[in-house]
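Geometric and topological summary
Next come the chains, spelled out residue by residue.
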Amino acid sequence: MKKVKSVAFNIADPMEYALYQYANKHKYFSTYVKRLIQRDMENGHKVDLKEIEKISELFKENTKDEE
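This section reports on the structure supplied with the text. Treat the numbers as computed from the prediction; the structure is a model and nothing was measured.

1. What to know about the packing of aromatic side chains
Counted according to the given criterion, the structure contains three aromatic pairs. Through a chain of ring-to-ring contacts, the aromatic side chains of F9, Y17 and Y20 assemble into a single cluster.

2. Section: the environment of V4
With respect to the helices, strands and loops of the structure, V4 is situated in the segment before α1 (14-23). Put simply, V4 and Y28 are 24 residues apart on the chain and 15 Å apart in space, counted from C-alpha to C-alpha.

3. Considerations on a nonpolar patch on the surface
Residues I37, M41, L49 and I52 make up a contiguous nonpolar surface patch of about 330 Å² in total accessible area. Elements supplying a minimum of two residues to the nonpolar patch: α2 (29-42) and α3 (49-63). Its place among the elements puts I37 in helix α2. Classification of I37 as partly exposed rests on a relative accessible area of 47%.

Thresholds, definitions, all that
- Residues numbered from 1 in each chain as written.
- Predicted model: local features only at pLDDT ≥ 70, side-chain atom pairs only at ≥ 80, totals over all residues.
- Heavy atoms only, no water.
- Phe/Tyr/Trp six-rings, centres within 6.5 Å; stacked < 30°, edge-to-face > 60°.
- Helix = DSSP H or I, 4+ residues; strand = E, 2+ residues; numbered from the N terminus.
- Patch = residues over 30% accessible without salt bridge, like charges linked within 9 Å, V, L, I, M, F, W, Y side chains within 5 Å.
- Areas by Shrake-Rupley, 256 points an atom, 1.4 Å probe, with all protein chains shown as cover.
- Salt bridge = Lys/Arg side-chain N within 4 Å of Asp/Glu carboxyl O.
- Buried < 20%, exposed > 50% of the residue type's maximum accessible area, 1.4 Å probe, protein only.

The following block contains the structure:
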C-alpha cells in the first residue's frame, strides 16, 4: 500500500520558486524528497533503517485487521 503526500510551491514567492526550480532538476522527485527526510532523521548520525523496517512491519501486522 502506498501513501501519497503532495508538496505545494508558491511560485509567486521568490524563495519557494527557487526551491521549485531546484527540485525540478532531479529526475525522481519522490526519491529526492525521501532522501532529504532520511538525512533529516539521521541529523548527522547514521540511522539503522532495518530497525525502522522492523517497526513498520510490526505496525502493519497489528493494523491489518483494521482494514
